[in-house]
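Chain by chain, the residues:
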Amino acid sequence: MASNRANSSISLNEQVPLSASGKPVPAALSMMVDSMTSMVERAKMDLENVDQRARADLENIDQRARKDVALLDQRAREDIQKIDKKARKDLAILDKKAREDHELLRKARKV
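These numbers were taken from a predicted model, which means no experiment stands behind them.

### Focus: the overall build of the protein
Reasoning step 1: On a plain count of helices and strands, the protein comes out with one helix and zero strands.
Reasoning step 2: Accessible surface for the protein amounts to roughly 11100 Å². Of this, 58% is attributable to carbon and sulfur atoms.

Here it is as structure tokens:
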């Protein structure tokens, strides 16, 4: 026999979840949807946190790279200055020797 008793698990103030077709949605399905919605929200928050951390890491890497490039540029400029100074000294020595040799040749031609 079918029972005509009211469902005692639903209070008078509680609404029964309905689907788009107006049919009652089983409680398990409703709980599953709530759970999945909660998981999606948590995943979204986790993804935002990962994105923020990744952006911060990229900023730190960029700053370190800029410092490294500045240091390498400074060292390269110092090395170029040292090489230039040495080259100028060598050129001065070669010029002096060339002038001396030229003077010797000039004197040898006169004789």
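What follows picks up the thread again.
### Concerning the pattern of salt bridges
Reasoning step 1: In this structure the tally under the stated criterion is seven salt bridges.
Reasoning step 2: Between Asp84 and Arg88 there is a salt bridge, with the nearest N and O atoms lying 2.9 Å from each other. Of this pair, Asp84 and Arg88 both sit in helix α1 (residues 27-110), four residues apart, roughly one helical turn.
Reasoning step 3: Residue class for Arg88 comes out exposed when judged on its relative accessible area of 57%.
Reasoning step 4: A salt bridge links Lys86 to Asp90, with the nearest nitrogen and oxygen atoms 3.1 Å apart. In this pair, Lys86 and Asp90 both sit in helix α1, four residues apart, roughly one turn of the helix.
Reasoning step 5: The exposure class assigned to Asp90 is partly exposed, which follows from its relative accessible area of 32%.

### Regarding a nonpolar patch on the surface
Reasoning step 1: Taken together, Leu29, Met32, Val33, Met36 and Met39 make up a surface patch of nonpolar side chains, about 450 Å² in accessible area.
Reasoning step 2: By secondary structure assignment, the location of Val33 is in helix α1.

### Quick word on the confidence of the model for the protein
Reasoning step 1: Averaged over every residue, the pLDDT of the protein is 86; residues scoring 70 or more account for 79%.
Reasoning step 2: Across residues 1-8, where pLDDT falls below 50, the model places zero contacts with residues more than four positions away in sequence or in other chains.

Definitions and limits used
Residues numbered from 1 in each chain as written. Predicted model: local features only at pLDDT ≥ 70, side-chain atom pairs only at ≥ 80, totals over all residues. Heavy atoms only, no water. Helix = DSSP H or I, 4+ residues; strand = E, 2+ residues; numbered from the N terminus. Areas by Shrake-Rupley, 256 points an atom, 1.4 Å probe, with all protein chains shown as cover. Salt bridge = Lys/Arg side-chain N within 4 Å of Asp/Glu carboxyl O. Buried < 20%, exposed > 50% of the residue type's maximum accessible area, 1.4 Å probe, protein only. Patch = residues over 30% accessible without salt bridge, like charges linked within 9 Å, V, L, I, M, F, W, Y side chains within 5 Å. pLDDT = per-residue confidence, 0-100. Contact = heavy atoms within 4.5 Å.

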